[in-house]
Amino acid sequence: MLKAGIIGAGNISGIYLQNGRRFESMEITAIADLDRSRAEAKGLQYGIRALSVEDMLMDAEIDLIINLTIPKAHAAVNLQALEAGKHVYVEKPFAVSLEEGKEVLRVAEARGLYVGGAPDTFLGGGIQTCVKLILEGAIGTPVGATAFMMSGGHESWHPDPAFYYMKGGGPLFDMGPYYITVLIAMLGPIHRVTGAARISAPERTITSEPKAGEKIRVEVPTHVAGIMEFKAGPIATLLTSFDIPGGSVLPRMEVYGTGGSLLVPDPNDFGGKVMLRKSGESEWKEIELTHGYAENARGLGAAEMAAAIARGTAHRASGRLAYHVLETMHGFHASAEQGVHIVMHSDCDQPAALPAGLHPTFLHI
Ligand SMILES: NC(=O)c1ccc[n+]([C@@H]2O[C@H](COP(=O)([O-])OP(=O)(O)OC[C@H]3O[C@@H](n4cnc5c(N)ncnc54)[C@H](O)[C@@H]3O)[C@@H](O)[C@H]2O)c1
C-alpha cells in the first residue's frame, strides 16, 4: 500500500480524504496547505498528520503527492513533488500553460516517476458502461458527439470563487476536462480543434458567503464553443459556458454512430443513466450499468495510479491524457483568437477499458 499526502486542504479535499479510506492501493497519511490552519482542521477531522508543504515533500514515508491546490499552483507543486522524488496526481486542469504542463511530463519521465491527472470520473460505472457499449459496436461506427456544459457560473455557491475567472479557470478549463477526457475515453485521441470564445461580462459579483458583494475581474472567456476532430474520424462539438443564468434543457453528452445513438451520463459524475437507441428502433432503452464505482469515487484515478505503480504498469488517468486535454482546451482558445484550425501536437492512448466486476479495492486489476 502506497503512502500518499495531500497538498491543498480546500473544498475538494474532503471527498479525497473520505474515499482515501476505501482504496487498498493507497493510504492518505498527511495533509499540507499554504494556510496551515486548513491543513490542521482536516488533519484533526480525518485523524492524519498536518504538515507544512516543505515537511511533506521531505517526508520519507510519502511516495505519492495528491495535488489539490488551485489551478495556477498545479504545475509548480507538481514540479516540487517530482523534484523531491515523489509520484504526483493532480486535480484538473493539468496545468495552466502548455509549457509548464510539458515540463511536468518531462521531469516525471526523466526521474522515472508517475504523473497522473484528474478527472477520474471516466473510470466510473456510467462512462465505463458507455465505453464498453461503443467498443462492442452497439452504435456501429462512431460518427460524432455533442457535449454541453451550460451554467451560470460558480460565484453563487463557492466560498472563494475568484480563481474560476483567472487564467486556468473559466468554463472550459474548469469543466472542459470532464467532457474532453470522457470523449477521449470513448473515441480516442484528437487530431485537430477549432473554437470560438467570448467574455460576456468583464466583471462578476460574488453572491455566496463569506465574500458576497466582492467583485471578480474576468481574465478568461466565459462562453466557449469548440469542435474536435478525432484521429479515428468522429467529430465532436463541445459548448462550455458560465453565461447561461437561465439554464438549458440540452443533454450533457450524446454519441452518434452508424448503427445508433448513446445518451451518456453527466461526465462530472461517476454513475448516471445510460440510454441507447439503435437505428430502426423508436424508443430509447435504459442500459443497466455494467461497471461499479457509480457513486462519488473521486480519488479513484489516484488509487488506480497507486496500484499501477505497485505493479509497474501503465495507469489510466495519466499525465499524457491530462496534457492532451490541456492542449485541446488551449487549441479552442488559440483557434478563436487566430481564426484558424489548430492541429494537435500531443498524443495519448485511449485509456484501456476497465474490466467489469472489479472488487472495490483495485488490488486485482
Ligand atoms: N470544489 C470543487 O467542487 C472541485 C471539484 C472538482 C475539482 N476541483 C479542483 O480541485 C482544485 C482545488 O479546488 P478547491 O475547490 O478545493 O479550491 P480551494 O480554493 O477550496 O482550495 C485550494 C487550497 O489550496 C491551497 N493552496 C493554494 N496554493 C497552494 C500552494 N502553492 N501550496 C499549498 N497549498 C496551496 C489553498 O490555500 C487552499 O486551501 C482545483 O484545481 C479545482 O479545479 C474542485
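So, here's what we can say about the structure.

Parameters and conventions
All residue numbers refer to position in the chain's written sequence, counted from 1. The predicted nature of this model means local features are confined to residues of pLDDT at least 70 and side-chain atom pairs, given and counted, to a pLDDT of 80 or more, with totals for whole chains, interfaces and linings taken over all residues. Hydrogens are left out, water is left out, and the side-chain values use all remaining heavy atoms of the structure. For helices the rule is a DSSP run of H or I covering at least 4 residues; for strands it is a run of E covering at least 2, with both sets numbered from the N terminus onward. To get the radius of gyration, use the C-alpha atoms; to get the globule rule, take the number of residues to the power 0.38 and multiply by 2.2 Å. Per-residue accessibility takes into account occlusion by the displayed protein chains alone, with areas from the Shrake-Rupley method and a 1.4 Å probe. What a helix is expected to span follows from its residue count: subtract one and scale by 1.5 Å. Burial status follows relative accessibility: with a 1.4 Å probe on protein chains alone, a residue under 20% of its type maximum counts as buried, one over 50% as exposed, and anything between as partly exposed. We call two residues in contact whenever any of their non-hydrogen atoms come within 4.5 Å of each other. DSSP-based pairing: two strands are paired if at least 2 bridges between them are found. Lines are fitted to the C-alpha atoms to define the axes, a helix being fitted only along its stretch in contact, and any angle between axes, read from their N-to-C directions, falls within 0 to 180 degrees. Being near a molecule or strand, for a residue, comes down to having at least one heavy atom within 4 Å of it. Two N or O atoms count as a polar contact when they lie within 3.5 Å, although within protein this holds only if one can serve as hydrogen donor and the other as acceptor, and sequence-adjacent residues are included solely when both atoms are side-chain atoms. Note on residue classes: Ala, Val, Leu, Ile, Met, Phe, Trp, Tyr, Cys and Pro are nonpolar, Asp, Glu, Lys and Arg are charged, and everything else, Gly too, is polar. Seen with its strands pointing away from the viewer, a crossover is right-handed if its path from the first strand over the helix to the second goes clockwise. The term nonpolar core refers to a set of buried residues drawn from Ala, Val, Leu, Ile, Met, Phe, Trp, Tyr and Cys, joined through side-chain atoms within 4.5 Å. The charge count treats Lys and Arg as positive and Asp and Glu as negative. His and the chain ends do not count. Salt bridges are identified by distance alone: a Lys or Arg side-chain nitrogen within 4 Å of an Asp or Glu carboxyl oxygen.

With that out of the way, let us pick up the overall build of the protein chain. Counting secondary structure elements, the protein chain contains 9 helices and 17 strands. In terms of C-alpha radius of gyration, the protein chain reaches 20 Å, essentially the compact-globule figure of 21 Å for 365 residues. If you line up the protein chain on its principal axes, its C-alpha atoms span 60 × 50 × 35 Å. If you sum the accessible surface of the protein chain, you get close to 14900 Å²; carbon and sulfur atoms cover 54% of it.

Counted at 1.5 Å a residue, the expected span for helix H8 (residues 300–311) with its 12 residues is 16 Å, and the 16 Å between its end C-alpha atoms agrees. Burial within H8 is extensive, with 10 of its 12 residues counted as buried. Those residues of H8 that fall on the buried side of the exposure criterion are Leu300, Gly301, Ala302, Ala303, Glu304, Met305, Ala306, Ala307, Ala308 and Ile309. Looking at the packing, one finds that the buried side of H8 touches strand S1 (2–7), strand S2 (26–32), strand S4 (64–67), strand S5 (87–90) and strand S6 (115–117). Phi turns positive, to about 75 degrees, at glycine 312, one or two residues after H8.

All right, on to the sheet that holds strand S3 (residues 49–51) then. Taken together, the 6 strands give an open sheet; going across it, the order is S3-S2-S1-S4-S5-S6, and neighbouring strands pair in parallel fashion. Of all strands in the sheet, those bounded by a partner on one side alone are S3 and S6. Geometrically, the sheet is characterised by an average inter-axis angle of 25 degrees between neighbouring strands, direction not taken into account. Across 4 bridges, the pairing between S1 and S4 is parallel. Bridge assignment links isoleucine 7 to a residue of S4, and that residue is asparagine 67. This element, H8, spans S1, S2, S4, S5 and S6 of the sheet and lies at about 160 degrees to S5.

Moving on to the environment of leucine 135. With respect to the helices and strands, leucine 135 occurs in helix H6 (residues 125–135). Residue class for leucine 135 comes out exposed when judged on its relative accessible area of 57%. Along the chain, leucine 135 and methionine 275 lie 140 residues apart, while their C-alpha atoms are 16 Å from each other.

Taken together, 24 residues lie around the ligand, and Asn11, Ile12, Asp33, Arg38 and Arg298 are the ones closest in. Isoleucine 12 is positioned with one of its backbone polar atoms (N or O) 2.9 Å from an oxygen atom of the ligand. Within the side chain of histidine 158, an N or O atom sits 3.1 Å from an oxygen atom of the ligand. Relative to its free-state accessible area of 830 Å², the ligand is covered by the protein chains to the extent of 87%. Here the shell around the ligand is composed, by residue class, of 13 nonpolar, 6 polar and 5 charged.

So, on to the pairing of S1. Across the 6 residues of S1, 5 count as buried, placing the element largely inside the fold. Since S1 and S2 lie parallel, the crossover through helix H1 (residues 13–20) that links them has a hand, and here it is right-handed.

Here we take up unusual backbone geometry. Among all residues except glycine, the phi angle is most often negative; among peptide bonds, the trans geometry is most common. Residue proline 93 is reached from lysine 92 by a cis peptide bond, and omega for that bond is -5 degrees. As for its position among the elements, proline 93 is in the loop between S5 and helix H5 (98–111). The peptide bond linking glutamate 209 to proline 210 adopts the cis configuration, its omega dihedral lying at 5 degrees. Note on placement: proline 210 falls in the loop between strand S9 (203–205) and strand S10 (215–217). In this structure, tyrosine 293 takes a positive phi of about 55 degrees despite not being glycine. By the secondary structure assignment, tyrosine 293 is in the loop between strand S16 (285–287) and H8. The exposure class of tyrosine 293 is buried, given its relative accessible area of 7%.

Time to look at the nonpolar core. Formed by 110 residues in total, the largest nonpolar core has its most connected members in Met26, Ile66, Ile180, Met186, Met228 and Leu262. With 12 residues, helix H7 (residues 170–187) is the largest single contributor of residues to this core. Leaving out residues up to four positions away in the same chain, methionine 228 has contacts with Ile180, Leu183, Ile190, Arg192, Val193, Pro234, Ile235, Ala236, Thr237, Leu238, Thr328 and Phe332.

Turning to the environment of isoleucine 6, a few remarks are in order. Mapped onto the elements, isoleucine 6 comes out in strand S1. Between the alpha carbons of isoleucine 6 and tyrosine 16 there is a distance of 8.7 Å; along the sequence they are 10 residues apart. Sequence-distant contacts of isoleucine 6, that is, excluding residues within four places in its chain, are made with Tyr16, Leu17, Ile28, Ala30, Ile31, Ala32, Met56, Ile66 and Leu68.

Time to look at the side chain of glutamate 91. Checked against the element boundaries, glutamate 91 lands in the loop between S5 and H5. Buried charge without a salt bridge: glutamate 91, with arginine 298 as the nearest opposite-charge side chain at an N-O distance of 4.1 Å. The contacts of glutamate 91, once residues within four sequence positions are left out, are Ile12, Tyr16, Asn67, Leu68, His74, Ala118 and Arg298.

So, about the sheet that holds strand S15 (residues 274–278). Read from one edge to the other, the open sheet built from 9 strands follows the order S16-S15-S14-S13-S7-S12-S11-S8-S17, with strand pairing classed as mixed. Both edges of this open sheet fall to S16 and strand S17 (342–343), since each of them pairs with a single strand only. Alignment of strand S11 (residues 223–230) against strand S12 (residues 235–241), held across 7 bridges, turns out to be antiparallel. Bridging across to S12, methionine 228 finds its partner in alanine 236. Packed onto the sheet, H6 meets strand S7 (142–150), strand S13 (253–257), strand S14 (260–264), S15 and S16 and runs at close to 165 degrees relative to S14.

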